[in-house]
Amino acid sequence: MTIPDNETNAAAPAAPESDEGFQPESGADAQLSELQARFTEVNDAFLRARAEAENTRRRAEEEMSKARKYAVESFAESLLPVMDSLQAAVAMPDAAAAQVLEGVHATLRQLTSALERNKVLEIAPPLGTRFDPRHHQAISVVPAEQEANTVVAVLQKGYLISDRVLRPALVTVAAPK
């Protein structure tokens, strides 16, 4: 029995096309290559930026460490003349009281100058000044002829470093009448 040609073709399954001969469109291939190149470029830029940020962070940490370590260098340097003056005074055990007092005053001026250069300022409120709990510490409240809550006496000066209270002034305050 013979099978007509049209039946053979209809019954036989179609042969699958092989991938070997398949060529993607040249535009898609070019686009893929372009995107891969762009990805490589962006990834490289990202890695460089991340490395630069890490280096900057590390340098900043090193600078902060050095700043903390040597923060008092300027202050200590300004106190060295005070130390020299005190050592000179100790080296003269037979000095007259007037000479010692003169030396003490000169040394006090040096110390005051060194503190001021380093922004350490006195808090010495004049009598009658309103009590300020941010800069003063009341040691006692006493009856006085002046207005209540005002400074009657300064028992110990206070100090500011820049705008921060290093030590409040110890004061006596007028009691309410």
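Attention in this report is confined to the structure presented alongside it. (Residues numbered from 1 in each chain as written. Predicted model: local features only at pLDDT ≥ 70, side-chain atom pairs only at ≥ 80, totals over all residues. Heavy atoms only, no water.)

**Comments concerning the overall build of the protein chain**
Inference 1: Scanning the protein chain from N- to C-terminus turns up 4 helices and 6 strands.
Inference 2: Sorting the 177 residues of the protein chain into buried and exposed places 12% on the buried side.
Inference 3: Counting only contacts in the protein chain whose residues sit at least 6 apart along the sequence, the fraction spanning at least 24 positions is 61%.
Inference 4: A total accessible area of about 14400 Å² is found for the protein chain, and carbon and sulfur atoms account for 58% of it. (Helix = DSSP H or I, 4+ residues; strand = E, 2+ residues; numbered from the N terminus. Buried < 20%, exposed > 50% of the residue type's maximum accessible area, 1.4 Å probe, protein only. Contact = heavy atoms within 4.5 Å. Areas by Shrake-Rupley, 256 points an atom, 1.4 Å probe, with all protein chains shown as cover.)

**A short note on the nonpolar core**
Inference 1: By size, the foremost hydrophobic cluster in this structure holds 6 residues: Ile123, Val151, Leu160, Ala169, Val171 and Val173.
Inference 2: Counting residues per element, this core draws most heavily on strand β6 (residues 169-174), which supplies 3 residues.
Inference 3: Not counting residues within four places of it along the chain, the set of residues in contact with Val171 comprises Pro125, Phe131, His136, Gln137, Ala138, Ile139, Ser140, Val151, Ala153, Val154 and Leu155. (Core = buried A, V, L, I, M, F, W, Y, C linked by side-chain atoms within 4.5 Å.)

**Here's the deal with a nonpolar patch on the surface**
Inference 1: Together, Val100, Leu101 and Val104 make up a nonpolar patch on the protein surface, roughly 260 Å² of accessible area in all.
Inference 2: Along the chain, Val104 turns up in helix α4 (residues 97-117).
Inference 3: With a relative accessible area of 48%, Val104 lands in the partly exposed category. (Patch = residues over 30% accessible without salt bridge, like charges linked within 9 Å, V, L, I, M, F, W, Y side chains within 5 Å. Salt bridge = Lys/Arg side-chain N within 4 Å of Asp/Glu carboxyl O.)

**Some thoughts on the sheet that holds β6**
Inference 1: Here we have 3 strands laid out as an open sheet, ordered β2-β6-β3, and mixed in their pairing. Of all strands in the sheet, those bounded by a partner on one side alone are β2 (136-142) and β3 (151-156). For this sheet the average axis-to-axis angle between neighbouring strands, irrespective of direction, equals 30 degrees.
Inference 2: Of the pairings in the sheet, the one linking β2 to β6 comprises 6 bridges and is parallel in character. Counterpart to Gln137 in the pairing with β6 is Leu170. (Pairing = 2+ DSSP bridges. Axes fitted to C-alpha atoms, helices over the stretch in contact; angles between N-to-C directions.)

**A closer look at the sheet that holds strand β1 (residues 120-123)**
Inference 1: Strand order in the open sheet formed by 3 strands is β1-β4-β5, with antiparallel pairing between adjacent strands. Edge positions in the open sheet fall to β1 and β5 (164-167), since each of these has one partner strand only. Across the sheet, the axes of successive neighbouring strands diverge by a mean angle of 35 degrees, strand direction being ignored.
Inference 2: Of the pairings in the sheet, the one linking strand β4 (residues 158-161) to β5 comprises 3 bridges and is antiparallel in character.

**A look at the pattern of salt bridges**
Inference 1: Scanning all chains against the criterion turns up 9 salt bridges.
Inference 2: Here Glu54 makes a salt bridge to Arg57, at a shortest N to O gap of 2.2 Å. One end of the pair, Glu54, and the other, Arg57, are both in helix α2 (residues 26-69), 3 residues apart, so they sit about a helical turn from each other.
Inference 3: Residue classification places Arg57 among the partly exposed residues on the basis of a relative accessible area of 39%.
Inference 4: Of the charged contacts, one joins Arg130 and Glu147 as a salt bridge, the two residues approaching to 3.8 Å between their closest N and O atoms. Of this pair, Arg130 sits in the loop between β1 and β2 while Glu147 sits in the loop between β2 and β3, and the two are 17 residues apart along the sequence.
Inference 5: A residue is classified by how much of its surface remains accessible, and Arg130, at 48% relative accessible area, is partly exposed.
Inference 6: Residue classification places Glu147 among the exposed residues on the basis of a relative accessible area of 53%.
Inference 7: Residues participating in the shared-partner salt-bridge network are Glu54, Arg57 and Glu61.

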